Amino acid sequence: MASSGDMLSIGISGLQASQRNLATAGHNISNVNTDGFSRQSVELATRNPIAVGNGFVGSGVNVVTVKRVYDDFLSAQVTARTSTFNQLDTLQQLASGLDGLLANDDAGLNPALQSFFNALQDAANNPTSIPARQVVILEAETLVDRFASLDKRFEDLRNSVNDQLGAVTTEISNIASSVANLNSSISQEMARSGGQPPNDLLDKRDVLINQLAELVSVSTVDGGDGSINIFIGNGQTLVLGNEANTIGTMRNEFDKSQLEVSTSSGATDYSISSQITGGKLGGLLAFREEIINPVQDSMGRLAIGLAATFNTQHQLGDDINGNAGGLFFNAIDVSSPEVFSSSNNNPASGTVGVAIDDATLLKASDYRLNYDGATFSLRRISDDTIVDSGFAIGDFPRTVAADGLTLTLTGTAAAGDSFLIRPVRNAGNDIDVAIGSAAEFAAATSGNALGDNTNALALAAMQSKSLLGGNTETYQSAYAKLVATVGGATSKAKVNADAQAALLNRAVEEHQSVSGVNLDEEAANLVKFQQAYQAAAQLIRISDEIFQTLINVTGR
């Protein structure tokens, strides 16, 4: 009938097209509140016209496909901005809690430092008073307790990051598996239907991809058969067709207490933490690397600088019994530094040690020592600067004068060996009061009689002296700089997160303006398609009347 160009077949094609349009509009209306649903539309095309002697006669309409009203660019914008916003939002939420702790008058370090030096001044004013000396020790104990409590908070945050890394990577792997399953279903449906798009399955997959973007930055590539390939990091495959790779966590090659994001290649796991950006996963890693590690290193540097410089001055005086002053704080400049060998090092390789030569020159940083088989290079991690290079095994011990360190090597090294040097990280936890009693407080200058307060005055005066950072920072200015750094990072993350939230909302609105369901528009479409259906039905009725008239004429 379709080839005859008659009115009946034309009317039937119009009925079918209107029916499909009405059903599609109803589907849109029903899913107005469905998360991730894209408005669908019917694509129509004229049937091939019929050639007659004096021209061509139309033969009706065909339903070509039902497709999503969808813009790939706008969808990609939503995905990218979702990932960026979630990274910044995670970072600013975690950083703001730490910022509030460090700047708090009750929980921060500054009040404890001030009380300690106030007690020193009181003892200098009354050097023969045992109670005044005892207060100095009590305030010192309060100070070291404050160092320890802050350090514990840093460790708690680091452990929390470890826990969340495990949870987030598991969630990413689960979503990736679901995307792979949908890829398989979509490819099968498209093959079965001759390439027609299974719109609702495509929407479900887009929802999952946006959920992935909340967790990590993703990039997608069309698989050509309806499937989508997904990559994270610097091109690490997460989903390839109907196969999903699992990501998880593994122990850091140096510090086994730290977890890294990992993926597998064959039977080997390897870390991809340094390549991960975006989403909650990127925010967690950024918080650890940009906030926790530098802050804990800064606190450790302050603890070592305080203990070492204060001990030096204390040992220049005499106690109440005329004995030379001993250590006031424990010697954490000796006990706290540590070095980790990479788990990938040659088993026969030796070990590296680190000693602090000058606490006033210490940097708030870890270091990475690498050996290429001929020479070593030492990189300061905090500013990614090579601070020493080109030295060989025979050049140990190796002094890095500008950073106040000396490196030693026990045994030998093999090409590819690497070591993580951590001079200051643990000092906030390790600092303690070493002096045994109030009588041992060395208030007098060496050789002076009881009642002399010269050394006590010198100790109290250390509060205002620039003894750290190469004689550019006081104890309290070093702490203030730490607080300001965290505050600045928190503020920056919040401003950027707010900006990204606005950009994300705009992208979502633009995407919805194209793909979202507009009930007013759909209601108008229902009226339009209903009228078209009625007109097509009328055409069929007229065709039937003409047919009946012909039968009646020919039947006489």
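Residue numbers restart at each chain and count upward from 1, following the sequence in its written direction. Residue-level local features of this predicted model are given only where pLDDT is at least 70; pairs of side-chain atoms are given and counted only at 80 or more, and the full residue set underlies all totals for whole chains, interfaces and linings. Excluded from the side-chain calculation are hydrogens and water; included are all heavy atoms of the structure.

Re the pattern of salt bridges
Item 1. By convention in these notes, a salt bridge is any Lys or Arg side-chain nitrogen within 4 Å of a carboxyl oxygen on Asp or Glu. According to the stated counting rule, one finds 23 salt bridges in the structure shown.
Item 2. For Asp366, the salt bridge is made with Arg425, and the minimal N-O distance between the two is 3.0 Å. One end of the pair, Asp366, is in the loop between β14 (351–356) and β15 (367–371); the other, Arg425, is in the loop between β20 (418–422) and α8 (427–430), and 59 residues separate them in sequence.
Item 3. For Glu510, the salt bridge identified is with Arg506, shortest N-O distance 3.4 Å. Here the residue Glu510 and the residue Arg506 both occupy positions in helix α10 (residues 475–515), the gap between them amounting to four residues, near one helical turn.
Item 4. Relative accessibility under 20% of the residue-type maximum defines a buried residue, over 50% an exposed one, and the middle range a partly exposed one, all with a 1.4 Å probe and only protein chains included. For Arg506, a relative accessible area of 53% translates into the label exposed.
Item 5. Beyond isolated ion pairs, a larger network of salt bridges with shared partners links Asp255, Asp297, Asp366, Arg422 and Arg425. Each helix is a run of DSSP H or I of at least 4 residues and each strand a run of E of at least 2, with the numbering of both proceeding from the N terminus.

Considerations on the layout of surface pockets
Item 1. Method remark: on a 1 Å grid restricted to protein atoms, a set of points is classed as a cavity if a 1.4 Å probe fits but cannot get out and as a pocket if it is open with protein on both sides within 12 Å along at least five of seven lines; lining residues have an atom within 4 Å of a point. Grid points are joined across faces, edges and corners, and a volume is the space filled by probe spheres set on the points. In this model, the second largest pocket occupies a volume close to 640 Å³.
Item 2. Lining the second largest pocket are 24 residues, and of these Arg68, Tyr70, Asp72, Arg205 and Ile228 lie nearest its centre.
Item 3. Of all the secondary structure elements, the ones that give two or more residues to the lining of the second largest pocket are β4 (61–68), α2 (72–103), α5 (199–215) and β5 (218–222).
Item 4. It is α5 that contributes the most residues to the lining of the second largest pocket, six residues altogether.
Item 5. The class makeup of the residues in the lining of the second largest pocket is 10 nonpolar, eight polar and six charged. Residue polarity follows a fixed list, in which Ala, Val, Leu, Ile, Met, Phe, Trp, Tyr, Cys and Pro are nonpolar, Asp, Glu, Lys and Arg are charged, and the others, Gly among them, are polar.

With respect to empty space enclosed by the protein
Over the atoms, a rolled probe matching the size of one water molecule traces out where space is still vacant.
Item 1. On inspection of all chains with the given rule, the structure shows one cavity of 30 Å³ or more.
Item 2. Here the largest cavity is characterised by a volume of approximately 30 Å³.
Item 3. Surrounding the largest cavity, Pro127, Arg133, Asp318, Asp319, Ile320, Ala444, Ala449, Leu450, Gly451 and Asp452 form its lining.
Item 4. Tallied by class, residues from the lining of the largest cavity come to five nonpolar, one polar and four charged.

Structural notes on unusual backbone geometry
Item 1. Residue Phe396 is joined to Pro397 through a cis peptide bond whose omega torsion reads -5 degrees.
Item 2. If you trace the backbone, Pro397 turns up in the loop between β17 (385–391) and β18 (398–400).
Item 3. Even without a glycine there, the phi angle at Asp384 is positive, about 50 degrees.
Item 4. Secondary-structure assignment places Asp384 in the loop between β16 (376–380) and β17.
Item 5. Of note, the phi angle at Asn471 is positive, near 65 degrees, even though the residue is not glycine.
Item 6. With respect to the helices, strands and loops of the structure, Asn471 is situated in the loop between α9 (454–461) and α10.
Item 7. Given the relative accessible area of 49%, Asn471 is considered partly exposed.

A short note on the pairing of β17
Item 1. Two strands pair under a simple rule: DSSP has to find at least two bridges between them. Summarising the sheet, β16 and β17 pair through five bridges and their orientation is antiparallel. Looking at β17, one finds that Arg380 is bridged to Thr385.
Item 2. Joining the antiparallel neighbours β16 and β17 is a turn of four residues, in which Asp384 adopts a positive phi near 50 degrees.

As for the confidence of the model for the chain
Item 1. In this model, the chain carries a mean pLDDT of 94, and residues with pLDDT of at least 70 account for 99%.
Item 2. In predicted models, pLDDT denotes the confidence assigned by the predictor to each residue on a 0 to 100 scale. Contact between two residues is taken to exist if any of their heavy atoms lie within 4.5 Å; hydrogens are not considered. When the criterion is pLDDT under 50, residues 1–5 qualifies, and its contacts beyond four places in sequence or with other chains add up to 13 contacts.

Observations concerning the sheet that holds strand β9 (residues 247–251)
Item 1. Strand order in this open sheet of three strands is β9-β10-β11, and the pairing throughout is antiparallel. Every interior strand has two partners, whereas the edge strands, β9 and β11 (268–271), have only one. Looking at each pair of strands side by side, their axes are set apart by 50 degrees on average, direction ignored.
Item 2. Relative to β9, helix α4 (residues 130–192) is tilted by about 150 degrees, and along the sheet it contacts β9 and β10 (259–265). Helix axes are fitted only over the stretch in contact, all axes being lines through C-alpha atoms; the angle between N-to-C directions runs from 0 to 180 degrees.

Remarks on the side chain of Asn455
Item 1. If you trace the backbone, Asn455 turns up in helix α9.
Item 2. Under the relative-accessibility criterion, Asn455 is labelled buried at 3%.
Item 3. Ignoring any residue separated from it by four or fewer positions in sequence, one finds Asn455 in contact with Gln313, His314, Leu316, Gly317, Ala442, Ala443, Ala444 and Thr445.

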